[in-house]
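Analysis of the macromolecular model
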Amino acid sequence: MDRFTIVTSEFITPDSDVNFGGGTERTRELQALLDKAKDLGGLCLIVDGAYYTDTLTVHSHTSVKCVNESCGFFLKDNVTDALFQNEHRNASGERLDCDIHFTGGTYNFNCSRQEHHKKGTEGFSYLSMMTEYGNTGFRFFGVKNLTLKDVVFKDQRTYAMACGNAEHVTIENMRIELPHIMYAQNQDGLHFFGESRFITIKNISGCAGDDFIALTPDEMDGVSSITDVLIDGVFLDDSDQGIRLLTHGKGKLDRITVRNVSGTYKSYGFYINPWISPEYKEGERYGNFGSITFENIDLEQRGKKYDYTRPFLFRLGGRIDTLRIRGAHFTNGEDPSDFMQIGGNYIFFDDREGDCVTEVKNLILSDIEVKGLADGSTRNIVIKKGEVENLILKGFLSGKEPVEICGGTVKNEFISGVLISGGKESER
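Below or above, wherever it landed, is the structure these notes cover. (Residues numbered from 1 in each chain as written. Predicted model: local features only at pLDDT ≥ 70, side-chain atom pairs only at ≥ 80, totals over all residues. Heavy atoms only, no water.)

1. Looking at the pairing of strand 24 (residues 387-398)
Our working rule: The pairing criterion for strands is at least two bridges between them, as found by DSSP. Helix numbers and strand numbers start at the N terminus; a helix is a DSSP run of H or I with at least 4 residues, a strand a run of E with at least 2.
Pairing geometry for strand 22 (residues 358-371) and strand 24, over 9 bridges, is parallel. The residue of strand 24 that forms the bridge with L365 is L393. By the bridge criterion, 10 bridges tie strand 24 to strand 26 (residues 409-420) in an arrangement that is parallel. Within the sheet, the bridge partner assigned to L391 lies in strand 26 and is E413.

Quick look at the structure:
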């Protein structure tokens, strides 16, 4: 091996278990090995065992390679902090850390023995919570060329990973396991903030106790954007929610492609909405979505978790330039649900918050199939408020009319190839 390669067991005895923890805390010894990246100009750390540890910091030009899934790291009890983080965390400005890679292994965040966030930080800003104090398994802000492949994330207490101010992030063949799921504790999967671009996520599976993947560019500052994202191959295993796309201010989500999503979820599939909150300033409450494309979606809703709104596959709110959905198969498994909800209050039919402006310029749907409940309670496209300028719908198979307008408007519509169960063609 060359001078950049270090095998952990040659320096530190592995005596923990990636599933159950235990053993001797090895934070100081592990950090000393990771710090050699600065002395050597780079590091490949071969992990051939399991280690019990507090927070570890990685530097530029570092690769952490676990031999198999029985190797990796278990977060020490009562840390309420990240398991791994980058050295120069920075939510805006220059990205100082680069060329960081994780390959293989299991990273257990030990959620049952962590708090949601550090005590005494309740009054801190959301920005500081994410970059310094929040309990996120992986915390990477101000990075470029970050790669995670063939890894297992397990038992996140809040976010499995929070990442922002990032460029060229690649995640492939990841599993997120959550055997200790809690009720309404925001046990998200991957959560991305702006200013970020060139994010690729492929072949990711598992469960989250909130959003499985979230792209929320300006959630922290009202101005940052996320652009150029490919999410390809998502397999949901009874996740509370699927994928959230959120902007509320001047930041933008643009050139986003999501395809090949299948499996089961409890309450909400795709939330494309400002999710406005009282602390958002007037004028920064309405979202800024550019071009967004969904392809080959096959999901089943079953066993809703929350009662404040009907479950849905898609919800739209805010200002949206163009949304395309090509090929979607939705099965309403257990609870009265909607294929798509447009406009209204941010949580739809609930008056706890105010209306969000909804202006959809182009809504283009093709090859859609909705399998509803036998009692007919499943709804297709429900327009509560707001305006859809151009609605194009080609090929829709369902048990009832495809569009129900309950106060919103559609300026121009082209609907063709709509078949209602029983062989009746839609009159629209």
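2. Digging into the nonpolar core
Under the convention used in this document: Residues enter a nonpolar core if they are buried and are Ala, Val, Leu, Ile, Met, Phe, Trp, Tyr or Cys, with the set joined through side-chain atoms within 4.5 Å. Burial here depends on accessible area, computed with a 1.4 Å probe over protein chains only, as a share of the maximum for the residue type. Under 20% is buried, over 50% is exposed, and the range in between is partly exposed.
In this structure, F73, F84, Y107, F153, F294 and F339 are the most contacted members of the largest nonpolar core, which totals 93 residues. Judged by nonpolar contacts, the second largest core, of 6 residues, contains A91, F141, A162 and F193.

3. Observations regarding the pattern of salt bridges
Once their charged atoms are close, side chains differing in charge can pair, the charge on each being opposite to the other. Where we set the bar: Throughout this description, the term salt bridge denotes a Lys or Arg side-chain nitrogen within 4 Å of a carboxyl oxygen of Asp or Glu.
Summed over the entire model, instances satisfying the criterion amount to 24 salt bridges. For R175, the salt bridge identified is with E69, shortest N-O distance 3.1 Å. Of the two residues, R175 sits in strand 12 (residues 161-177) while E69 sits in the loop between strand 5 (62-66) and strand 6 (72-75), which places them 106 residues apart along the sequence. Taken together, the salt bridges that share partners define one network made up of D228, K252, D254, R255 and D321.

4. What to know about the environment of P274
Within the secondary structure, P274 is located in the loop between strand 17 (253-272) and strand 18 (289-301). For the pair P274 and Y286, spaced 12 residues apart in sequence, the C-alpha separation works out to 5.8 Å.

5. Considering the packing of aromatic side chains
Defined as follows: Between rings of Phe, Tyr and Trp, where Trp is taken as its six-membered ring, a pair exists when centres lie within 6.5 Å; planes separated by under 30 degrees are stacked, by over 60 edge-to-face, and by other angles tilted.
Inspection of the entire model under this criterion finds 28 aromatic pairs. For the ring pair F138 and F153, a centre distance of 4.7 Å and an interplane angle of 45° mean the geometry is tilted. One end of the pair, F138, is in strand 10 (residues 138-149); the other, F153, is in strand 11 (residues 152-154), and 15 residues separate them in sequence. Judged by relative accessible area, which is 0%, F153 ranks as buried.

6. Quick word on the pairing of strand 10
Strand 10 sits mainly inside the fold: 9 of its 12 residues count as buried. Two strands pair when backbone bridges link them, and strand 7 (residues 84-86) and strand 10 are joined in this way by 2 bridges, in the parallel orientation. Bridge assignment links F84 to a residue of strand 10, and that residue is F138. Two strands pair when backbone bridges link them, and strand 8 (residues 97-103) and strand 10 are joined in this way by 6 bridges, in the parallel orientation. The residue of strand 10 that forms the bridge with T103 is K149. Bridge analysis of strand 10 against strand 12 gives 10 bridges, and the strand direction is parallel. Looking across to strand 12, one finds that F141 is bridged to G164.

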